[in-house]
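Tertiary structure, described
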Amino acid sequence: MLFATLWQRAPLAQAQTLMFDIIILLIMLLFVLILLFVIFSAFLGYLITKVPFVPTSAEDISFIVQKLTIGKNQIFYDLGSGNGKVCFLVHKLCGAKCVGFELTWWTHLWAKIKKRCLQFSPLLRGDAQRAERLLFKNQDFFKANWREADFIYGYLFPFLMVRVEEKFLQEGKAGSIAIIRDFRFPNLKPTETFYLPKKHEIYIYKKQV
Ligand SMILES: C[S@@+](CC[C@H](N)C(=O)[O-])C[C@H]1O[C@@H](n2cnc3c(N)ncnc32)[C@H](O)[C@@H]1O
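Residues numbered from 1 in each chain as written. Predicted model: local features only at pLDDT ≥ 70, side-chain atom pairs only at ≥ 80, totals over all residues.

On to the sheet that holds strand β6 (residues 192-195), then. With mixed pairing, 7 strands are arranged side by side in an open sheet as β3-β2-β1-β4-β5-β7-β6. Among the strands making up the open sheet, the edge pair consists of β3 (134-137) and β6. Direction aside, the axes of adjacent strands within the sheet are offset by 15° on average. Bridge analysis of strand β1 (residues 75-79) against strand β2 (residues 97-101) gives 5 bridges, and the strand direction is parallel. Directly across from Tyr-77, in β2, lies its bridge partner Val-99. (Pairing = 2+ DSSP bridges. Helix = DSSP H or I, 4+ residues; strand = E, 2+ residues; numbered from the N terminus. Axes fitted to C-alpha atoms, helices over the stretch in contact; angles between N-to-C directions.)

So this is what it looks like as structure tokens:
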């Protein structure tokens, strides 16, 4: 009797084990695909921009927001926004509209997914409006128009700073402020220079009226 029952159950148990194996395999496959996407897009992003993704620390971002008294009616651009960390935090701290430009796919996608989570997560319902004032563009910041920005943040590489300086001078609106981390503009004299909590230098440039 017992033997007969076990015999009947065996195919079901085998099917369940097979199903479990397939699910584990699919999860592993998904993981490998995500990893390949990150590696490939980081490599491609580096080939295009020659600038690796290195995030600014949260402590430094808070310091910048307080020191420059960025307000909720102002517009903040992050040139090369990576995973959006600067934009998310600046917006969270002061409510400013933040726009991030990024060419590397995986970091850009990360920022977009995080933004979606803010919009749709029931736990963060209060942040839905907030997410509408956060924009992430998969775009070369040199091809964007900087005229509406009150603050332009750049944590980039020295070889780019001549072009960033030129564009800021040509296109930045009067009174706007460029916040440049570590790699200063080659020609303009900064209006202010200070050290961040994590010992990085920040150069402030105000576009003359
Ligand atoms: C050092 S990371 C800084 C990331 C972020 N701003 C932060 O401070 O946390 C610089 C980023 O700029 C991006 N980048 C460089 N040149 C770019 C360009 N012309 N247009 C858009 N993004 C660019 C790179 O892909 C990289 O992710």
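Moving on from the coordinates now.
Quick look at the site of the ligand now. Close to the ligand lie 23 residues; Thr-49, Pro-55, Thr-56, Gly-80 and Gly-82 are nearest. Elements that contribute at least two residues to the shell around the ligand include exactly α1 (2-49) and α3 (85-94). Here the shell around the ligand is built from residues that sort into 11 nonpolar, 8 polar and 4 charged. (Near = placed C-beta within 6 Å. Nonpolar A, V, L, I, M, F, W, Y, C, P; charged D, E, K, R; others polar.)

A positive phi angle, near 40°, is found at Thr-69, a position not held by glycine. Taking the number of C-beta atoms within 10 Å as the measure of exposure, Thr-69 has 8 and is therefore exposed. Even without glycine at this site, Lys-199 takes up a positive phi of about 70°. Mapped onto the fold, Lys-199 is located in the loop between β6 and β7 (201-206). (Buried ≥ 20, exposed ≤ 12 C-beta atoms within 10 Å, placed from the backbone.)

Next up on the list: the packing of helix α2 (residues 58-67) against α3. The geometry of α2 relative to α3 is characterised by a closest axis approach of 10 Å and an angle of 45° between their N-to-C directions. The pairing of α2 with α3 is recorded here as oblique in orientation. As α2 packs across α3, the resulting crossing turns out to be right-handed. Between α2 and α3, the contacting residues are Ala-58, Ile-61, Ser-62 and Val-65 on the first element and Val-86, Leu-89, Val-90, Leu-93 and Cys-94 on the second. Here the residues of the contact of α2 with α3 sort into 8 nonpolar, 1 polar and no charged. (Parallel < 35°, antiparallel > 145°, perpendicular 65-115°, else oblique. Left-handed = near helix turned anticlockwise from the far one by under 90°. Contact = placed C-beta atoms within 7 Å.)

For soluble globular proteins, the rule of thumb is that nonpolar side chains tend to be buried together. Counting 34 residues, the largest nonpolar core has Tyr-77, Val-90, Phe-151, Ile-152 and Ile-179 as its most contacted members. Listing elements by their share of this core, those giving two or more residues are α2, β1, α3, β2, β4 (151-154), α6 (161-171), β5 (177-181) and β7. (Core = buried A, V, L, I, M, F, W, Y, C linked by C-beta atoms within 7 Å.)

What follows is about the domain arrangement of the protein chain. By convention, interface size is frequently given as the accessible area that disappears when the constituent parts associate. Partitioning the protein chain into domains gives domain 1 (2-49) and domain 2 (58-206). With centres defined by C-alpha atoms, the gap from domain 1 to domain 2 works out at 39 Å. (Domains from an automatic or database assignment.)

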